[in-house]
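Okay, here's what each chain looks like letter by letter:
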Amino acid sequence: MPYPDKFTGFQVNGPETWTEFHKNEFQPKPFGDYDVDVKIEACGVCGSDVHTISGGWGEQHFPLAVGHEIVGTAIRVGPKVTLIKEGERVGVGAQSWSCLDCRQCKNDNETYCRQQLDTYGAKWPDTGIISQGGYSSHVRTHEHWVFPIPSALPTAHAAPMLCAGLTAYSPLVRNGCGPGKKVGIVGLGGIGHFGLLFAKALGATVYVISRTHAKEADARAMGADGFIATSDENWNEPHVMTFDLIINTANSFEGWDINKYLSLLDVHAKWVSVGLPEGEDGIKVRNQTFLGNGCFFGSSHLGSRREALEMLQLAADKGIKPWVEEVQIGEESLKKTLLRLEGNDVRYRFCLTGYEEVFGK
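One structure accompanies this document, and this report is about it. (Residues numbered from 1 in each chain as written. Predicted model: local features only at pLDDT ≥ 70, side-chain atom pairs only at ≥ 80, totals over all residues. Heavy atoms only, no water.)

## Focus on the state of the cysteines
- With the rule as written, the count across this model stands at zero disulfides.
- In this model C105 remains outside any disulfide bridge; the closest cysteine sulfur is found in C102, 3.6 Å from its own.
- C105 gets classed as buried once you look at its relative accessible area, which sits at 10%. (Disulfide = S-S within 2.5 Å. Buried < 20%, exposed > 50% of the residue type's maximum accessible area, 1.4 Å probe, protein only.)

## Digging into the packing of helix α2 (residues 155-174) against helix α3 (residues 190-201)
- In contact at an axis separation of 8 Å, α2 and α3 are set at 55 degrees when each is read in the N-to-C sense. As summarised for this structure, α2 and α3 are arranged oblique, according to the angle between their axes. Our pair here, α2 against α3, has a crossing hand that is right-handed. Of α3, the residues touching α2 (which contributes P160, M161, A164, G165, T167, A168, Y169 and L172) are G190, I191, F194, G195, F198 and A199.
- In the contact of α2 with α3, the residues fall into 10 nonpolar, four polar and no charged. (Axes fitted to C-alpha atoms, helices over the stretch in contact; angles between N-to-C directions. Helix = DSSP H or I, 4+ residues; strand = E, 2+ residues; numbered from the N terminus. Parallel < 35°, antiparallel > 145°, perpendicular 65-115°, else oblique. Left-handed = near helix turned anticlockwise from the far one by under 90°. Contact = heavy atoms within 4.5 Å. Nonpolar A, V, L, I, M, F, W, Y, C, P; charged D, E, K, R; others polar.)

## Brief notes about the environment of P63
- Relative to the elements of secondary structure, P63 occurs in the loop between α1 (47-53) and β4 (70-77).
- If sequence neighbours within four positions are ignored, P63 has contacts with Q11, V12, N13 and Q132.

## Observations regarding the pairing of strand β16 (residues 324-328)
- By the bridge criterion, five bridges tie β16 to strand β17 (residues 349-353) in an arrangement that is parallel. Bridge pairing in β17 places V324 opposite R349.
- As for the winding sense of the linkage, the β-α-β connection from β16 through helix α7 (residues 331-342) to β17 is right-handed. (Pairing = 2+ DSSP bridges. Right-handed = clockwise from strand over helix to strand, strands pointing away.)

## A short note on the nonpolar core
- Counting 48 residues, the largest nonpolar core has L172 and F198 as its most contacted members.
- Every element with two or more residues in this core is listed here: α2, β10 (182-186), α3, β11 (205-210), β12 (226-229), β13 (243-248) and α6 (305-318).
- Broken down by element, the residue count for this core peaks at 10 residues, all from α2.
- With residues near it in sequence (within four places) discarded, L172 still touches C177, V183, G195, F198, A199, L202, L245 and I247.
- Judged by nonpolar contacts, the second largest core, of 34 residues, contains F10, V12, I130 and F350. (Core = buried A, V, L, I, M, F, W, Y, C linked by side-chain atoms within 4.5 Å.)

## Quick notes on a nonpolar patch on the surface
- A cluster of nonpolar side chains, contributed by V240, M241 and V267, occupies part of the molecular surface with about 220 Å² of accessible area.
- Within the secondary structure layout, V267 lies in strand β14 (residues 265-273). (Patch = residues over 30% accessible without salt bridge, like charges linked within 9 Å, V, L, I, M, F, W, Y side chains within 5 Å. Areas by Shrake-Rupley, 256 points an atom, 1.4 Å probe, with all protein chains shown as cover. Salt bridge = Lys/Arg side-chain N within 4 Å of Asp/Glu carboxyl O.)

## Looking at unusual backbone geometry
- The omega angle of the peptide bond from F62 to P63 is 0 degrees, so this bond is cis rather than trans.
- Look at the link from R347 to Y348: it is a cis peptide, with omega at -5 degrees.
- By the secondary structure assignment, Y348 is in the loop between α7 and β17.
- A positive phi is found at D108, a non-glycine position, where the angle reads about 55 degrees.
- Among the structural elements, D108 can be located in the loop between β6 (95-97) and β7 (117-118).

## A short note on the sheet that holds strand β15 (residues 296-299)
- The parallel open sheet is built from six strands, whose spatial order is β12-β11-β10-β13-β14-β15. Each of the sheet's edge strands pairs with one partner strand only, and the pair in question is β12 and β15. In this sheet, adjacent strand axes meet at a mean angle of 20 degrees when their direction is disregarded.
- When β14 meets β15, the two strands line up parallel, connected through four bridges. Residue pairing for β15: W271 is matched across the bridge by F297.

## Here's the deal with empty space enclosed by the protein
- Counted under the stated rule, the structure contains two cavities of 30 Å³ or more.
- Reported here for the largest cavity is a volume of approximately 130 Å³.
- Around the largest cavity sit 15 residues that line it, and P28, W124, S131, Q132 and R140 are the ones nearest its centre.
- For the lining of the largest cavity, the element with the most residues is strand β8 (residues 138-142), which contributes three residues.
- Split into classes, the residues belonging to the lining of the largest cavity amount to seven nonpolar, six polar and two charged. (1 Å grid on protein atoms, 1.4 Å probe; cavity = no way out; pocket = protein on both sides within 12 Å on 5 of 7 lines; lining within 4 Å. Points joined across faces, edges and corners; volume = space filled by probe spheres on them.)

## Things to note about the packing of α2 against α6
- As a packed pair, α2 and α6 sit with axes 9 Å apart at the nearest point and diverge in direction by 100 degrees. Taken together, α2 and α6 sit at an angle that is classed as roughly perpendicular. The residues of α6 that touch α2, namely those facing M161, L162, G165, L166, Y169, S170, V173 and R174, are E307, A308, E310, M311, L312, L314 and A315.
- Across the contact of α2 with α6, the residue classes break down as 10 nonpolar, two polar and three charged.

## Quick word on the side chain of T249
- Tracing the backbone shows T249 in the loop between β13 and α5 (258-262).
- At 2.7 Å, the side chain of T249 forms a polar contact with the backbone oxygen of V186.
- In terms of polar contacts, T249 uses its side chain to reach the backbone carbonyl oxygen of G187, at 3.0 Å.
- Excluding its chain neighbours within four sequence positions, the residues that come into contact with T249 are I185, V186, G187, I191, G192, V274 and G275. (Polar contact = N/O pair within 3.5 Å; in protein donor to acceptor, adjacent residues only side chain to side chain.)

The following block contains the structure:
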């Protein structure tokens, strides 16, 4: 299939005008032996996109097209590519490169490689070219981070799994989620709703933990076995030391009593945070915080290729259906969609579609 030497994308010029998208051509990095070019058909809209272009996560390289929940067709593969075939429907997530040679990469921990590069906003070594994301016509990515999409998964469902889904799935499987386990999901947002769906698919008993009861009906419609609202008096008492694992997807900790949250964990059980607050916001703990149950407190970053493939197959096999609102990509629709996302006006993930109408066949 033919494709241009330059790609086209909707870029933002800086945080001062982060809701103004401009359709520009840009130069991708040089095509390598292990690279795959993907003609994009859909891209999920992630909270990371807002944090990045609005300046919430600090200085970035502009102009920038964000988007790292990409699904499309592989239209060109490098001469040494063995994992992807031309013409396959494939996905690309938030990471596009690592060294593949360090201890971490060789142990299915490539997302923790010290040389890892993000799908957008990263400076490619020796070129100075800034990687551009999925609000674009095409993306060029090393084959290791290009994933075949099972035929049973609709494109608009698969796309948000490639960041939000994997961010929830990896800590679940790495920390023993399964039959006989009681798992808590803090926050029912884009990542949290995937945490609930995947934890149920893995066979766990799953509770959603939220500030109020506003999302309880949605949580139960997704299969939650229980719901805890932290605005209720003594909300933690009925569940103290009964959870085997809690995944925290919240990105704001205002008004939290972390001691009550951690009191839910059984002895040596784990709390894993995946939400990323802006600025200096975060959780403050003391050593005494962990003494009552000896719980462990940590974090998780994305997931490996192996986990991505397992997750997509699980979703296909179990018929997992995320709650996704499709949006026609374009300057004005991007502005409205990202402003809605910033205001938490989404249930529970956006996915950009209609790429051929904007970028052509």
